[in-house]
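One letter stands for each residue in the lines below.
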Amino acid sequence: GWMAYSDYQFDYGYTRFLYSTALIREHGLEFPALSHFEDPPFFVSALHAAGRFLALDFATYRYNADIWKVKWTANGCRRLKDLIRGLEMNVCFARKHGLPKLEALTLARVDQEYGEPLYLGARSNEMVEQLLRTAFPNCLAVRLLDGRASLLKWRSYWLARWLKRRLERL
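Below you will find a few notes about this structure.

A word on the overall build of the protein
- What the protein contains, in helices and strands, is nine helices and two strands.
- Expressed along its principal axes, the backbone C-alpha trace of the protein runs to roughly 50 × 40 × 30 Å.
- Each of the 170 residues in the protein was classed as buried or not, and the buried ones make up 34%.
- Contacts spanning at least 24 positions in sequence make up 68% of the contacts within the protein whose residues lie at least 6 apart.
- Accessible surface computed for the protein: about 10900 Å², of which carbon and sulfur atoms make up 55%.
- Between the centroid of the 25 positive side chains of the protein and the centroid of its 18 negative side chains there is a distance of 5 Å.

Following this line, the structure appears as structure tokens:
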């Protein structure tokens, strides 16, 4: 049935939706010029602009590509910088439009999904560190850099996540 984006507040899966050309043109929707995390800001803007969408209770198709390891530090850490910018876009959008679930989800992604590459990138690149400190001053990576969080605790968390992903591939 019909779902309101204000109830949905999710940021991934733009390939599961069909978009009206009129909606895209009317709202000037486009993918931001980022090398990573460009899909979620487009997706959030499009579904919010639509207001509501029709959801089916069964899968109509499945999009799956080979998973590859992202080389975060390539090109002067451009992917990490763009990741931070994309995550920040979603947090700003959520705050501007009163979407607390989207804001919480995005902030959780900063720490849980992207915590390790952000921490390692910030340790090795001053610009990444500065962007991260500006966008997410209380995120895990910044707390680790400042000694306000335990590296050992989070290393074991990231190791457990890595192990889980490896086992799921078997």
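Things to note about a nonpolar patch on the surface
- Nonpolar side chains collect at one region of the surface, where Leu 159, Trp 162, Leu 163, Leu 167 and Leu 170 lie side by side and expose about 580 Å² of accessible area between them.
- Examined against the element boundaries, Leu 159 turns out to sit in helix H9 (residues 151–169).

Examining the packing of aromatic side chains
- Applying the stated rule across the entire model yields 12 aromatic pairs.
- Arranged with centres 6.1 Å apart and planes meeting at 65°, the rings of Tyr 12 and Phe 37 form a pair that is edge-to-face. Taken together, the residues Tyr 12 in the loop between helix H1 (5–8) and helix H2 (21–27) and Phe 37 in the loop between H2 and helix H3 (39–50) connect sequence positions 25 residues apart.
- Ring centres of Tyr 14 and Phe 31 lie 5.3 Å apart, and the angle between their planes is 75°; on these two criteria the pair is classed as edge-to-face.

Thoughts on the packing of helix H6 (residues 115–124) against H9
- Where H6 contacts H9, the two axes come as close as 10 Å, and the packing angle between them is 130°. Considering their axes alone, H6 and H9 lie oblique with respect to each other. Touching Gly 115, Glu 116, Tyr 119, Leu 120 and Arg 123 of H6 are Leu 151, Arg 155 and Trp 158, all from H9.
- A breakdown of the residues in the contact of H6 with H9 according to their chemical character gives four nonpolar, one polar and three charged.

What counts as what
Residues numbered from 1 in each chain as written. Predicted model: local features only at pLDDT ≥ 70, side-chain atom pairs only at ≥ 80, totals over all residues. Heavy atoms only, no water. Helix = DSSP H or I, 4+ residues; strand = E, 2+ residues; numbered from the N terminus. Buried < 20%, exposed > 50% of the residue type's maximum accessible area, 1.4 Å probe, protein only. Contact = heavy atoms within 4.5 Å. Areas by Shrake-Rupley, 256 points an atom, 1.4 Å probe, with all protein chains shown as cover. Lys, Arg positive; Asp, Glu negative; His and termini not counted. Charge placed at Lys NZ, Arg CZ, Asp CG, Glu CD. Patch = residues over 30% accessible without salt bridge, like charges linked within 9 Å, V, L, I, M, F, W, Y side chains within 5 Å. Salt bridge = Lys/Arg side-chain N within 4 Å of Asp/Glu carboxyl O. Phe/Tyr/Trp six-rings, centres within 6.5 Å; stacked < 30°, edge-to-face > 60°. Axes fitted to C-alpha atoms, helices over the stretch in contact; angles between N-to-C directions. Parallel < 35°, antiparallel > 145°, perpendicular 65-115°, else oblique. Nonpolar A, V, L, I, M, F, W, Y, C, P; charged D, E, K, R; others polar.

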